[in-house]
Every structure is written in structure tokens, then in C-alpha cells.
Amino acid sequence: LTEGPEPENHTLLTGFVLSGLSNHPQLQLLLFFTFCLIYTITITGNLLILMATLHPRLHTPMYFFLRVLSLLDISTASTVVPKMLASFLAEDRSISYVGCATQLYWVIFSTATECYLLAAMAYDRYVAICSPLRYAAIMNSRVCLCLVLLAFCSGNVVSVMQTAWVFTLPFCGHRKMNSFFCDIPPLLVLSCTDTFPYEMQLIMATVLVLFTPCCLILVSYACIISSTMKISSAEGRQKAFSTCSSHLVVVTLYYASGTLIYLRPRSRNSQDTKKFLALIYTTVVPTLNPLIYSLRNKDVQDVLIRMMTDMVKK
């Protein structure tokens with residue numbers, strides 16, 4: 001008996017083809033300008049946060065975490081949006097095998113690290129509100145640095161493992177990916193082997209990366225809300241609740257979209273829905289973070305106004 005030819009692994013030679021956000025030609029130019037504006041706002045807002053939090057007046061743990069958050073948001077948006085913008089104007093939407101692996105690594109690294117960082121930020125707010133007298137001792141510079149390094153190391157481990165595992169799968173047949181960037185669920189759809197073991201470990205990773213930090217955030221905010229209920233001033237309670245609700249909106253968008261995408265990674269019928277959900281955590285949330293976490297903050301506004309005034313005078 002002679003063996004038939006093995007499926008040809010085209011991806012090693014030509015990479016993949018991204019479907020993009022939309023296939024309607026009449027929408028391409030409108031989508032280009034829309035997301036170009038969103039990307040500009042994202043980069044500008046996060047760069048302003050980076051500039052402001054470098055000011056000596058804002059050298060506190062909260063602003064240190066915000067600075068790192070801005071870096072991660074810039075990383076996520078810059079990894080995904082420029083390629084998406086190019087796809088709106090170009091007929092060739094191909095991406096090389098190495099380029100796809102690199103993009104996947106950076107997206108997972110930035111988003112996974114941000115998940116852990118948001119938990120660290122919630123803990124910081126918990127200590128500040130629930131133990132204000134011990135805040136400086138608990139959240140010293142060494143602890144803050146360790147929390148950030150732990151988030152970066154955890155994000156890197158998750159990213160390396162997920163990227164390495166998914167690119168050990170054989171990809172054969174058509175190579176068109178129903179996505180606007182290289183992501184795990186559309187890559188699994190292109191695989192011509194049984195991906196059930198990989199899907200199970202992906203679900204476990206989703207629990208570790210999304211559910212665990214989310215539970216810590218919810219517990220922290222439950223304690224914060226409990227403490228604010230004891231504040232005698234109605235204005236103080238309203239301000240605390242406003243801050244918590246704003247933060248929880250971003251956290252809900254971020255974690256919910258990731259959970260819905262990665263808990264059913266190879267569901268073919270929901271690829272368009274997952275494309276929309278991926279748009280939330282890769283594009284929308286990085287734009288909202290500066291507005292919700294920092295630019296509404298009076299201290300940040302004062303520093304930015306002072307910096308711009310100094311620039312004008314010079």
C-alpha cells in the first residue's frame with residue numbers, strides 16, 4: 001500500500017490572509033478614518049498620561065500603575081490598529097507566518113499583563129481607601145515595582161506558551177482568517193488536526209488570566225464600597241461611587257469580551273461576534289482608559305495645564 005500525500009502546510013510559505021473588519025467596499029474609507037481617529041485619540045491620550053505622571057507631583061503608586069497601564073494600552077493598540085488601517089486601503093491583506101506569530105505574542109502579552117495590572121491597581125485603591133494610615137508603608141516603591149514585574153512576567157509566560165502551542169498546530173487548506181488581526185480562535189479554525197486538547201488548556205489559561213484577577217478586583221471594590229458607605233459626607237460617597245463605577249465599566253468590558261472569546265475558541269458560528277468583541281479589548285478599552293482613569297483627574301489636569309503653559313512660554 002502506498003501512502004497518500006500529506007496535507008501541504010501552506011502557512012510556512014505564504015502565511016495567512018486576514019479578512020479584515022468588513023468586506024463591504026463602500027465602508028472601507030469610512031472605517032479607515034474612524035479608526036484612524038480612534039487610534040490618534042488612543043496614542044495622544046496615553047502619551048499625555050505618560051508625560052503627566054512623570055511629573056514629581058504625581059510620583060505616587062497610583063500614578064505609577066497608570067503610567068504602566070498607558071504603556072500597555074499603546075502596545076496593544078499599536079500592535080493591532082496599524083495593520084487594520086492598512087487593510088482598509090489595500091487589496092492585499094496577507095500577513096506572514098512570522099508576522100502573525102509576532103503579532104499574536106504582543107497582543108497576548110499586552111492584554112494578559114494588563115489583566116494582572118488592573119488587579120494590582122484595584123488592590124492599590126483598596127489599601128488607599130480602607131487602610132489610609134498604613135498606605136505609604138504597604139504600597140512602598142518596592143512593593144509597586146514587584147507587582148508590576150509580576151504582572152509582566154506572568155503576561156510573558158502566558159504569551160510565550162499560548163503562541164508556541166498554537167503555532168505547533170498544522171495549518172492546511174485555505175488560509176483566510178476571519179479576523180482583523182492574528183488571534184487564537186480564528187487560527188484554531190484553520191487547523192486541520194484535533195485541537196480539543198489545546199482548547200482545554202486555553203480554557204484553563206483563560207480562567208487564570210481573566211477570572212482570577214477579575215475576582216480579586218471585585219473583592220477589592222466590594223471592600224471599597226463597604227468602606228465608602230461609612231463616609232458621613234454624601235458628596236464623598238458620591239465621588240467614591242462614581243470612581244468605582246467608572247473603573248468597573250472598563251473592567252467589565254475588558255474581562256467580559258475576553259471571556260466570551262476564549263471560553264469557546266473554535267465556535268465557527270460566532271466568529272463575526274468574536275471579531276466585534278476583540279475590537280472592544282484591542283481598540284475601545286485602550287481609548288477609554290486614559291479618559292476614565294486619568295484625564296478626569298484634577299491633579300493630572302493641573303499638571304498637564306502647567307506643562308502646556310510652560311511650553312507656550314518657551
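Residues numbered from 1 in each chain as written. Predicted model: local features only at pLDDT ≥ 70, side-chain atom pairs only at ≥ 80, totals over all residues. Heavy atoms only, no water.

1. What about the overall build of the protein chain?
Formally: Note on conventions: DSSP H or I runs of at least 4 residues are helices, E runs of at least 2 residues are strands, and numbering of each starts at the N terminus. Only the C-alpha atoms count toward the radius of gyration. The rule for a globule is 2.2 Å times the residue count to the power 0.38. Only protein chains enter the calculation, and the probe is 1.4 Å; a residue is then buried if its accessible area is under 20% of its type maximum, exposed if over 50%, and partly exposed in between. Throughout, a residue-residue contact means that at least one pair of heavy atoms, one from each residue, lies within 4.5 Å.
If you tally the helices and strands in the protein chain, you get eleven helices and three strands. The C-alpha atoms of the protein chain give a radius of gyration of 22 Å, which matches the 20 Å a tight globule of 314 residues would have. In terms of overall dimensions, the protein chain has C-alpha extents of about 85 × 45 × 35 Å along its principal axes. Looking at the protein chain residue by residue over its 314 residues, the buried ones come to 47%. Taking contacts inside the protein chain between residues at least 6 apart in sequence as the whole, the part at least 24 apart equals 79%.

2. Concerning the nonpolar core
The nonpolar side chains of soluble globular proteins are, as a tendency, buried together. Heads up, the rule is: Here, nonpolar core means buried Ala, Val, Leu, Ile, Met, Phe, Trp, Tyr and Cys residues that are tied together by side-chain atoms lying within 4.5 Å of each other.
Ranked by internal contacts, the top residues of the largest apolar core, which has 83 residues, are Phe16, Val166, Phe167, Ile184, Leu187 and Tyr255. A per-element tally of this core places helix H4 (residues 97-130) first, with 14 residues.

3. Comments concerning helix H11 (residues 298-313)
An α-helical turn contains 3.6 residues, so any two residues separated by three or four positions project in the same direction. How we decide: Expected span, for any helix, means 1.5 Å times one less than how many residues it has. Summarising the geometry, the arc corresponds to the directions from the helix axis toward the C-beta atoms.
Taking 1.5 Å of rise per residue, the 16 residues of H11 would be expected to cover 22 Å, and the 22 Å separating its terminal C-alpha atoms lies within 8% of that figure. Considered for burial, the residues of H11 that qualify are Val300, Val303 and Leu304. Down the axis of H11, the buried side of the element spans an arc of 100°, and every buried residue falls inside it. Away from the buried face of H11 by more than 90 degrees, exposed residues Lys298, Ile305, Val312 and Lys313 are located.

4. Here we look at the state of the cysteines
Which entries qualify depends on this criterion: In this description, the term disulfide denotes a pair of cysteine sulfurs within 2.5 Å.
Here the structure, examined in full by the defined rule, presents one disulfide. Here Cys146 is not cross-linked by a disulfide; its sulfur's nearest cysteine counterpart is in Cys144, at 9.3 Å.

5. Topic: the packing of aromatic side chains
Which entries qualify depends on this criterion: Here the aromatic set is Phe, Tyr and Trp, taking the six-membered ring for Trp, and pairing holds for ring centres within 6.5 Å; pairs whose planes are under 30 degrees apart are stacked, those over 60 apart are edge-to-face, and all others are tilted.
For the coordinates displayed, the defined rule picks out 14 aromatic pairs. When the centroid spacing of 5.4 Å and the interplanar angle of 75° are considered together, the rings of Phe32 and Phe33 count as edge-to-face. Under the relative-accessibility criterion, Phe33 is labelled exposed at 53%. Ring centres of Trp106 and Phe109 lie 5.6 Å apart, and the angle between their planes is 85°; this geometry places the pair in the edge-to-face category. Here the residue Trp106 and the residue Phe109 both occupy positions in helix H4, the gap between them amounting to three residues, near one helical turn. Residue class for Trp106 comes out partly exposed when judged on its relative accessible area of 38%. Put simply, the rings of Phe16, Tyr97, Phe167 and Phe171 touch in pairs and so form one group of aromatic residues.

6. Brief notes about the UniProt feature "transmembrane region" (unreviewed entry) in the protein chain
Operational definition: UniProt positions are given in the numbering used here, feature names are shortened, and annotations may be inferred rather than shown by experiment.
With numbering aligned to this structure, UniProt lists the feature "transmembrane region" (unreviewed entry) at residues 29-52, 64-84, 104-123, 143-167, 202-224, 245-264 and 276-295. In the segment residues 64-84, helix accounts for 100% and strand for 0%; the C-alpha atoms at its two ends are 31 Å apart. Note that residues 202-224 is 100% helix and 0% strand, and that its end C-alpha atoms are spaced 32 Å apart.

7. Points about the sheet that holds strand S1 (residues 16-18)
Applied cut-off: Should DSSP find at least two bridges between two strands, the strands are regarded as paired.
The strand order across the open sheet built from three strands is S2-S1-S3, with neighbouring strands paired in mixed fashion. In the strand order of this sheet, the two ends are held by strand S2 (94-95) and strand S3 (176-177), each with one partner. The sheet contact formed by S1 and S3 spans two bridges and is parallel. Bridged to Val17 within S3 is Lys176.

8. A closer look at the layout of surface pockets
Where we set the bar: Definitions used throughout: a 1 Å grid over protein atoms alone; a cavity as a set of points that fits a 1.4 Å probe which cannot get out; a pocket as an open set with protein on both sides within 12 Å along at least five of seven lines; a lining residue as one with an atom within 4 Å of a point. Grid points are joined across faces, edges and corners, and a volume is the space filled by probe spheres set on the points. Each residue receives one of three labels: charged for Asp, Glu, Lys and Arg, nonpolar for Ala, Val, Leu, Ile, Met, Phe, Trp, Tyr, Cys and Pro, and polar for the others, Gly being one of them.
Reported here for the second largest pocket is a volume of approximately 270 Å³. Lining the second largest pocket are 16 residues, and of these Tyr116, Ala119, Ala120, Leu147 and Leu216 lie nearest its centre. Broken down by secondary-structure element, the contributors of at least two residues to the lining of the second largest pocket are H4, helix H6 (141-166) and helix H8 (196-228). In terms of residue class, the lining of the second largest pocket is built from 13 nonpolar, three polar and no charged.

9. Thoughts on the pattern of salt bridges
Opposite charge on two side chains allows them to pair when their charged atoms are near. To keep things clear, this is the line we draw: Salt bridge, as used here: a side-chain nitrogen of Lys or Arg that lies within 4 Å of a carboxyl oxygen of Asp or Glu.
Per the stated rule, a full pass over the model turns up three salt bridges. A salt bridge links Arg57 to Asp299, with the shortest nitrogen-to-oxygen separation between them at 3.4 Å. Placement of the pair is Arg57 in the loop between helix H2 (28-53) and helix H3 (61-89) and Asp299 in helix H11, with a sequence separation of 242 residues. The class of Asp299 is partly exposed, set by a relative accessible area of 31%. Of the charged contacts, one joins Arg125 and Asp124 as a salt bridge, the two residues approaching to 3.0 Å between their closest N and O atoms. The class for Asp124 is buried, based on a relative accessible area of 1%. Three or more residues joined by partner-sharing salt bridges are found here, namely Arg57, Asp299 and Asp302.

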